[in-house]
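Architecture at a glance
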Amino acid sequence: MTDLLVTDVRLVPLDGEEGGGPAVRRVASASGGTAATGPVDVLVRDGVITEVGPGLTRPEEVPVLAGEGRWVVPGLWDHHVHLGQWGATTARLDLAPATSARDAVRRVAERLASDEPLPETGVLVGWGHRSAQWDEDPTVAMLDEVAREVPVVLISGDGHHGWMNTPALRLLGGPADATGVVREADWFPMYDRLGNLPGAAQEAELGVARAVTDALALGVVGITDLEMGRPWEDWRRRCDLGQPMLRARTGVYAEELQGVLDAGVRTGQVIEGTDGLVTMGPLKIISDGSLNTRTAWCREPYADAHRLTHPCGAANLTRDEMHELMTAGHAGGLEMAIHAIGDAAVGQALEAFASIGARGGIEHAQLVGEVDLERWGALPVRASVQPAHLLDDRAVTEQCWPDRTGLTFALRRFAEHGIEMAMGSDAPVSPLDPWLTLASAVHRGPVDAETWHPELALTPAEALAASVDSQRVRPGARGDLVLLDADPLGGGDSAQQARVLRSMGVSATVLAGQVVHGG
């Protein structure tokens, strides 16, 4: 924690006030002064904002960061990240452009024929394909045709299935009778084994260091890290090694839950050895699948249900299993992070929250029925949403849920029902880029294309308010600040607002009073 005086900055209003006035006036009236409407100074002492107002006196030996009239917002947060996986993507074959199973196989063959060496693990890993709209289903035999010896693991862009050849299935202990992709509960243990291969962790950590540095440059000061395994130990090691750091809340899954409960570690408790930056986060429960893999659990069948074993998708847990996990976590002082994409899964999660009295959030909430919104608004449960997913999922939504497109990514409906929103990326599913997230919430489409269901969009101020971890630039708040080169609430239509956000320049990022980017 350090001290810092930031001078001559303009407060960005996030609560509907004009020109940042109320935040400044509160400070001014408390000190007997007059209301200020122009640029202000912000004083951070021991990592906490202590004063906000014009012409603050600089305490002796406190360094100064000259704002030069730039705009300031609280430090940005990404509330849903798988940081190890995001770091690992930098070394993976990019299959997002693949238009068919055969196209993906061709890209694998070209990569194997190139001079580029394989990773230390000896496994060729691809990331990002989205097979929901492919005419031909991926098969093990297709990959075996081009890779008979080298293990090949192709991870879908939603992370919910793996497409592997025979050597990879053997290496990772996959189902002996697998002929196509391996999904959900069968896939996740294999995903974990892939990350535990010799050399995999070192490869991922190189990417993590770059990812943290890049995030700080975008104004991100904190993440909720929902990586599997024991991410709190990963963060402790990173701190010991002097790697770039930011704030992190680390999730825990069912496999490690008992150890956390036995240790008495609760949500919000600081992880020792992390300079106070890392705390225990929520219990993560994956209650259903994903739209792209067609395993999101819905109340009504998918429009292309003839292709599916489960026409409505399926729950990963029974009601009793979910209640048992949530009850144990809640009793141990943990908040919940319930992955629920389909409306049936969202309904099941809300019922469990209400019955158990747990707190936390529903992750994704991609399809939400009108019947659930009023009940949700009465619960202490956040909507942890990833607006940039709609850029990838629009076409498959129109294919699979054509009668429900107006119920997907329903951000405006959350706001109308008083449901707290916390925005994130779900990196590596979408890039760890808050400005892409914000632009997607405001325009609901690429900046050069028409908006999709504009009635469900947010204003820039609403989107920013859901991206700063409930902080404001005011006394008592964390000393986390971002200096911006332009006004993020710039006018115009939604496309113009999105362009402003996508092109936003971050001139400085301050974490607990320390300048960690720019300056």
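The mixed open sheet is built from five strands, whose spatial order is β7-β8-β9-β10-β11. Each of the sheet's edge strands pairs with one partner strand only, and the pair in question is β7 (93–94) and β11 (182–183). Note: strand β9 (residues 152–156) against strand β10 (residues 161–164), three bridges, orientation antiparallel. Within β10, the residue paired with L154 across the bridge is W163.

Quick look at the confidence of the model for the protein chain now. For the protein chain, the average pLDDT comes to 93, and 96% of its residues sit at 70 or higher. For residues 17–36, every residue scores under 50 in pLDDT, and the model assigns this stretch 19 contacts once sequence neighbours within four places are set aside.

This part takes up unusual backbone geometry. Of note, the amide linkage connecting A427 to P428 takes the cis form, showing an omega dihedral of 15°. Unusually for a residue other than glycine, D46 sits at a positive phi of about 50°. Structurally, D46 can be placed in the loop between β2 (40–45) and β3 (48–53).

Moving on to the environment of T7. With respect to the helices and strands, the residue T7 is situated in strand β1 (residues 4–11). In the structure, T7 is positioned 57 residues away from V64 in sequence and 7.2 Å away in space, judged by C-alpha atoms. Aside from chain neighbours lying at most four places away, what touches T7 is V40, D41, V64, L65, A66, G67 and E68.

Two quantities define a packed helix pair, namely the angle between the helix axes and the distance between the axes. One can describe the packing of helix α10 (residues 319–331) onto helix α11 (residues 343–356) by two numbers: an axis separation of 10 Å at closest approach and a directional angle of 45°. The angle between α10 and α11 falls in the class oblique. Of the two elements, α10 crosses α11, and the hand of that crossing is right-handed. Contacts between α10 and α11 involve R319, M322, H323, M326, T327 and H330 on the former and, on the latter, Q348, A349, E351, A352, F353, S355 and I356. Tallied by class, the residues present in the contact of α10 with α11 amount to six nonpolar, five polar and two charged.

Attention shifts here to the packing of α11 against helix α12 (residues 370–377). At a closest axis distance of 10 Å, the pairing of α11 and α12 adopts a crossing angle of 25°. Put simply, α11 runs roughly parallel to α12. Considering only the axes of α11 and α12, their crossing is left-handed. Facing α11, whose interface residues are D343, V346, G347, L350 and E351, α12 presents D372, R375 and W376. Classifying every residue of the contact of α11 with α12 gives three nonpolar, one polar and four charged.

We now examine empty space enclosed by the protein. All told, the structure shown has two cavities of 30 Å³ or more when counted by the stated rule. Of the pockets and cavities examined, the second largest cavity occupies roughly 50 Å³. Forming the walls of the second largest cavity are W77, D78, V220, M423, G424, L432, D433, P434, T437 and S467. Secondary structure elements with two or more residues in the lining of the second largest cavity: β6 (76–81) and α15 (434–443). Looking at side-chain class alone, the lining of the second largest cavity contains five nonpolar, three polar and two charged residues.

Remember that side chains alternate between the two faces of the sheet whenever the strand is regular. When β2 meets β3, the two strands line up antiparallel, connected through five bridges. Paired with V42 across the bridge in β3 is V52. Hairpin connection, β2 to β3: the antiparallel pair is bridged by two residues, and D46 has positive phi, about 50°.

So, about the state of the cysteines. Evaluated as defined, the whole model comprises zero disulfides. Cysteine C312 remains unbridged, with the sulfur of C298 as its closest cysteine sulfur at 7.0 Å. Free of any disulfide, C400 has its nearest cysteine sulfur in C298, 9.0 Å distant.

Now for the nonpolar core. In this structure, L83, W235, M326, F353, I362, W376 and F414 are the most contacted members of the largest nonpolar core, which totals 80 residues. Apart from residues no more than four positions distant in its own chain, W235 is found in contact with L83, V212, I223, D225, M245, L246, A248, T250, T274 and V278. Counting 23 residues, the second largest nonpolar core, distinct from the first, contains V153, W187, Y253 and V429.

Here the structure, examined in full by the defined rule, presents 33 salt bridges. With a closest N to O distance of 3.3 Å, D234 and R237 form a salt bridge. Placement of both D234 and R237 in helix α8 (residues 231–240) is noted, with a separation of three residues, approximately one turn of the helix. R237 gets classed as partly exposed once you look at its relative accessible area, which sits at 36%. Across the pair R375 and D372 runs a salt bridge, and its minimum N-O distance is 3.0 Å. Remark: D372 and R375 occur in helix α12; sequence separation between them is three residues, near one turn of the helix. The exposure class assigned to R375 is partly exposed, which follows from its relative accessible area of 33%. Put simply, R247, R249, D469, R478 and D480 are held in one network by salt bridges that share partners.

This paragraph deals with the layout of surface pockets. There is about 1300 Å³ of room inside the largest pocket. Every element with two or more residues in the lining of the largest pocket is listed here: β11, α6 (184–195), α9 (254–263) and β14 (278–286). A total of six residues in the lining of the largest pocket trace back to one element, the largest contributor, which is α6. Its residues assigned to classes, the lining of the largest pocket shows 19 nonpolar, 13 polar and eleven charged.

Cut-offs and rules
- Residues numbered from 1 in each chain as written.
- Predicted model: local features only at pLDDT ≥ 70, side-chain atom pairs only at ≥ 80, totals over all residues.
- Heavy atoms only, no water.
- Pairing = 2+ DSSP bridges.
- Helix = DSSP H or I, 4+ residues; strand = E, 2+ residues; numbered from the N terminus.
- pLDDT = per-residue confidence, 0-100.
- Contact = heavy atoms within 4.5 Å.
- Axes fitted to C-alpha atoms, helices over the stretch in contact; angles between N-to-C directions.
- Parallel < 35°, antiparallel > 145°, perpendicular 65-115°, else oblique.
- Left-handed = near helix turned anticlockwise from the far one by under 90°.
- Nonpolar A, V, L, I, M, F, W, Y, C, P; charged D, E, K, R; others polar.
- 1 Å grid on protein atoms, 1.4 Å probe; cavity = no way out; pocket = protein on both sides within 12 Å on 5 of 7 lines; lining within 4 Å.
- Points joined across faces, edges and corners; volume = space filled by probe spheres on them.
- Disulfide = S-S within 2.5 Å.
- Core = buried A, V, L, I, M, F, W, Y, C linked by side-chain atoms within 4.5 Å.
- Buried < 20%, exposed > 50% of the residue type's maximum accessible area, 1.4 Å probe, protein only.
- Salt bridge = Lys/Arg side-chain N within 4 Å of Asp/Glu carboxyl O.

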